[in-house]
Amino acid sequence: MVEWPAYFDEVDGGFYPTPTAASQWSSAQVVGPALTGLLARELERGHATDGFVPVRLTVDLFSAARFTHTTTPTVRVRDGRRIRVADVSVVQEGTVAARASAVLLRPDQQPPGELWHREREPQPPSLEVAPPSPLPQVPLFNSGEDSPVWNSVPTEHENNLRKRTWQNPIRVITGEELTPFVRVSVVAEATSMMTNWGDKGIGFINTDMTLGLSRMPEGTEIGVEADSHFSEHGMAVGVATLFDRGGSFGSCMVTSVSNAGRQISNAQLDMVMRRRM
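Residues numbered from 1 in each chain as written. Predicted model: local features only at pLDDT ≥ 70, side-chain atom pairs only at ≥ 80, totals over all residues. Heavy atoms only, no water.

Student: Would you mind showing me how to read the nonpolar core here?
Tutor: Soluble, globular proteins show a tendency: their nonpolar side chains are buried together. Within the largest apolar cluster, 57 residues are counted, with the highest numbers of intra-cluster contacts made by Phe 8 and Leu 57. Setting aside its immediate chain neighbours within four residues, Leu 57 contacts Thr 36, Ala 40, Leu 43, Ala 100, Ser 101, Phe 181, Ser 185, Met 209, Thr 210 and Leu 211. Ranked by size, the runner-up nonpolar core spans five residues in total, among them Leu 140, Trp 150, Trp 166 and Phe 243. (Core = buried A, V, L, I, M, F, W, Y, C linked by side-chain atoms within 4.5 Å. Buried < 20%, exposed > 50% of the residue type's maximum accessible area, 1.4 Å probe, protein only. Contact = heavy atoms within 4.5 Å.)

Here's what the structure looks like:
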């Protein structure tokens, strides 16, 4: 049986990044989706119990995680009747490289009344373009408004229009299926790419990610559509909507810092996609 790629192997009571976890910014650095997925996994395994479900995940990516043995100690900060809060860290060689916190709630009935909703809902690619699959797939991209063109060729979206992606990600841990929460945590990190991707490629690297969920995703495929990008003096903030074939179910925000000296061009993004095919 073919073993699908994953970001980490479980080793000696912790984890070790696989070559798949290499970032496009630096081959010596672990990529953001790998870290967000690992942190989400540890928080869910340790604290999504007794009827509590995760609704918010905040990840701080303040230091480059390297290819070395990694541990993930967690602590429960608050344990109430309806609200639970927990923290986790990525520790490498005695140093914290990243950290995350989660808010978990007990589901309850919806209150009465009508609320505002965005007029335009994100639209996934057609089933002909992206047939459902339980297996990881190469990410698809789309740009503009109401464009039917979805593909895995970034240079065909070399513009300053709204970006969106449709993804079925690889595993976080070798041999372990993704849970819905870990799956969406991995894909949501694409908020940085979707909100910071312009006609010259990507020149901002995100320093954090805050994911908010009204429900868990349905199925194996998840979309991320850019809602906004604001930047001044090399600092940026971007927000995106998360959606599946059942509709929108959450949002994600990232703050980012300029990395113009190592700008990732659209041609480089093409090469990344070709290596995944």
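Student: What is the right way to read the side chain of Thr 18 from this model?
Tutor: Within the fold, Thr 18 resides in the loop between strand S2 (14-17) and helix H1 (32-47). With relative accessibility at 9%, the residue Thr 18 sits in the buried group. Apart from residues lying up to four places away in sequence, Thr 18 is in contact with Ala 6, Tyr 7, Phe 8, Asp 9, Phe 67 and Thr 174. (Helix = DSSP H or I, 4+ residues; strand = E, 2+ residues; numbered from the N terminus.)

Student: Honestly, helix H2 (residues 180-188) in this entry has me stumped. Any pointers?
Tutor: Note that an α-helix has 3.6 residues per turn; residues three or four places apart therefore point the same way. Of all nine residues in H2, eight are buried; the element is thus mostly enclosed. Turning to H2, its buried residues number three or more, namely Phe 181, Val 182, Arg 183, Val 184, Ser 185, Val 186, Val 187 and Ala 188.

Student: Please explain the pairing of strand S6 (residues 83-92) as it appears in this structure.
Tutor: Remark: a regular strand shows side chains that alternate across the two faces of the sheet. Taking burial as the measure, the 10 residues of S6 include eight buried ones, the bulk of the element. Pairing geometry for strand S4 (residues 70-71) and S6, over two bridges, is antiparallel. Note that in S6 the partner of Thr 71 across the bridge is Val 91. Bridge analysis of strand S5 (residues 74-79) against S6 gives five bridges, and the strand direction is antiparallel. Of the residues in S6, the one forming a bridge with Arg 76 is Ala 86. Hairpin geometry of S5 and S6 is characterised by an intervening segment of three residues between the two adjacent antiparallel strands. Connecting the antiparallel pair S6 and strand S7 (residues 95-105) is a turn made up of two residues, with Glu 93 showing a positive phi of about 55 degrees. (Pairing = 2+ DSSP bridges.)

Student: What exactly am I supposed to notice about the layout of surface pockets here?
Tutor: Unoccupied space between atoms shows up once a probe the size of one water molecule is rolled over them. Of the volumes computed, that of the largest pocket is approximately 1,300 Å³. Considering the residues around the largest pocket, the lining is formed by 50 residues, among which Ala 22, Gln 24, Val 31, Pro 33 and Arg 276 are closest to the centre. Taken together, the elements giving at least two residues each to the lining of the largest pocket come down to H1, H2, helix H3 (191-196), strand S13 (204-206) and helix H4 (266-276). Counting residues per element, the lining of the largest pocket draws most heavily on H4, which supplies five residues. (1 Å grid on protein atoms, 1.4 Å probe; cavity = no way out; pocket = protein on both sides within 12 Å on 5 of 7 lines; lining within 4 Å. Points joined across faces, edges and corners; volume = space filled by probe spheres on them.)

Student: Got a minute to help me understand empty space enclosed by the protein in this structure?
Tutor: Counted under the stated rule, the structure contains one cavity of 30 Å³ or more. In this structure, the largest cavity spans a volume of roughly 40 Å³. For the lining of the largest cavity, the residue count by class is four nonpolar, one polar and three charged. (Nonpolar A, V, L, I, M, F, W, Y, C, P; charged D, E, K, R; others polar.)

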